[in-house]
Amino acid sequence: MDASHNIKTIHDILLTIIPTLEKEAGNNGADDFSYTQQRAMINQIFKMTSGENYSISSIMLRLTVIDSLYSTNAQ
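In this text, all values refer to a predicted model and were calculated from it rather than measured experimentally.

(A) Expanded view of the side chain of threonine 49. Here threonine 49 is to be found in the loop between helix 2 (35-48) and helix 3 (56-70). Relative accessible area serves as the criterion here: at 6%, threonine 49 is assigned to the buried category. Here the side chain of threonine 49 touches isoleucine 45 through a polar contact of 2.7 Å, landing on its backbone oxygen. Dropping the residues within four chain positions of it, threonine 49 is found in contact with Tyr54, Ser58, Leu61 and Arg62.

Written out as structure tokens, the structure reads:
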């Protein structure tokens, strides 16, 4: 797989799971998530991308989520 395919896959996964993560984190439609809500989302993503689902794409997804939430601007 090439990088652009991995990025597209990660983007699609994020769009699919964000509503569920917001609901599970208890977000009431606010624009910002609290630290606890962000931590809950990260934990959920790590659970979803472990075991048989652990791959280079899952690592990239994890890093993308952490980078997005904490604005690390990692490349």
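(B) Looking closely at the packing of helix 2 against helix 3. One can describe the packing of helix 2 onto helix 3 by two numbers: an axis separation of 10 Å at closest approach and a directional angle of 170°. If you check the angle between helix 2 and helix 3, you find them roughly antiparallel. Across the interface between the two elements, Tyr35, Gln38, Met41, Ile42, Ile45 and Phe46 of helix 2 pack against Leu61, Arg62, Val65, Ile66, Leu69 and Tyr70 of helix 3. Residue composition of the contact of helix 2 with helix 3, by class: 10 nonpolar, one polar and one charged.

(C) Region of interest: the confidence of the model for the protein. Mean pLDDT for the protein: 79, with 77% of residues reaching 70 or above. Averaged over each element, pLDDT in the protein is lowest for helix 1 (residues 3-25) (76) and highest for helix 2 (88).

(D) Seen up close, helix 3. The first and last C-alpha atoms of helix 3 sit 21 Å apart over 15 residues, in line with the 21 Å expected at 1.5 Å per residue. Among the residues of helix 3, Ser57, Ser58, Leu61, Arg62, Val65 and Asp67 are the ones counted as buried.

Conventions and cut-offs
- Throughout, a residue's number is its position along its own chain's written sequence, starting from 1.
- Owing to the predicted nature of the model, reporting of local features is limited to residues with pLDDT of at least 70; listing and counting of side-chain atom pairs is limited to 80 or more, with chain, interface and lining totals taken over all residues.
- With hydrogens and water excluded, all non-hydrogen atoms of the structure serve as input to the side-chain values.
- By definition, any uninterrupted DSSP run of H or I lasting at least four residues is a helix, any uninterrupted run of E lasting at least two residues is a strand, and each is numbered from the N terminus.
- For every residue, the accessible area (1.4 Å probe, protein chains only) is compared with the maximum for its type, and the residue is labelled buried under 20%, exposed over 50%, or partly exposed between those bounds.
- Within 3.5 Å is the distance limit for a polar contact, defined as a pair of N or O atoms, with the added protein rule that one can donate a hydrogen and the other accept it, and that residues adjacent in sequence qualify only through two side-chain atoms.
- Pairs of residues are marked as contacts when any of their non-hydrogen atoms sit within 4.5 Å.
- Angular values range over 0 to 180 degrees, each being the angle between N-to-C directions of two axes fitted as lines to C-alpha atoms, with helices fitted over their stretch in contact.
- By definition in this entry, angles of less than 35 degrees are roughly parallel, angles greater than 145 are roughly antiparallel, angles of 65 to 115 are roughly perpendicular, and the rest are oblique.
- Polar here means any residue outside two lists: the nonpolar Ala, Val, Leu, Ile, Met, Phe, Trp, Tyr, Cys and Pro, and the charged Asp, Glu, Lys and Arg; Gly therefore counts as polar.
- For every residue, the predictor reports its confidence as pLDDT, a number between 0 and 100.
- Here, expected helix span is obtained from the residue count minus one, scaled by 1.5 Å.

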